[in-house]
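Summary of structural features
Here are the chains, one letter per residue:
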Amino acid sequence: MDQTTSLALVLAAIVGLLATIIIMGRQRRKNEVEGESEFAVSTEGEKRCPNCGMGNMWTDTTCISCGHALR
């Protein structure tokens, strides 16, 4: 392998790394702006505590976090 080919491979690797860093930074900023997680969260079957907002099982009568009575 001659010197020109080696230099071209090194430059291609650097460009690839920079592109990856830029893409990951954009995704991180997008998630911070939207305030949403990449992962889905289901609250089906839960009761929200009116006092602290903690999700509890629908069968619970008191909040698992603060002990407040649930409806």
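Further up the page is the structure itself.
Right, let's talk about the overall build of the chain for a bit. A count of helices and strands for the chain gives 1 helix and 2 strands. Counted from the first residue to the last, the chain has its helices and strands arranged as α-β-β. Looking at the chain residue by residue over its 71 residues, the buried ones come to 8%. The long-range fraction of contacts in the chain, counting pairs at least 24 apart against all pairs at least 6 apart in sequence, stands at 2%.

Residues Leu7, Val10, Leu11, Ile14, Leu18, Ile21 and Ile22 make up a contiguous nonpolar surface patch of about 670 Å² in total accessible area. Position of Ile14 among the secondary structure elements: in helix α1 (residues 3-34). Given a relative accessible area of 43%, Ile14 falls into the partly exposed group.

Here the focus is the side chain of Asn56. Mapped onto the elements of the fold, Asn56 is located in strand β2 (residues 55-57). For Asn56, a relative accessible area of 1% corresponds to the buried category. Only 3.1 Å separates the side chain of Asn56 from the backbone oxygen of Met54, close enough to count as a polar contact. The contact partners of Asn56, leaving out residues within four places of it in the chain, are Gly45, Glu46, Lys47, Cys49, Thr62, Cys63, Ile64 and Leu70.

Below, the discussion takes up the state of the cysteines. Inspection of the entire model under this criterion finds 0 disulfides. Free of any disulfide, Cys49 has its nearest cysteine sulfur in Cys66, 3.6 Å distant.

So, how was this worked out
- Residues numbered from 1 in each chain as written.
- Predicted model: local features only at pLDDT ≥ 70, side-chain atom pairs only at ≥ 80, totals over all residues.
- Heavy atoms only, no water.
- Helix = DSSP H or I, 4+ residues; strand = E, 2+ residues; numbered from the N terminus.
- Buried < 20%, exposed > 50% of the residue type's maximum accessible area, 1.4 Å probe, protein only.
- Contact = heavy atoms within 4.5 Å.
- Patch = residues over 30% accessible without salt bridge, like charges linked within 9 Å, V, L, I, M, F, W, Y side chains within 5 Å.
- Areas by Shrake-Rupley, 256 points an atom, 1.4 Å probe, with all protein chains shown as cover.
- Salt bridge = Lys/Arg side-chain N within 4 Å of Asp/Glu carboxyl O.
- Polar contact = N/O pair within 3.5 Å; in protein donor to acceptor, adjacent residues only side chain to side chain.
- Disulfide = S-S within 2.5 Å.

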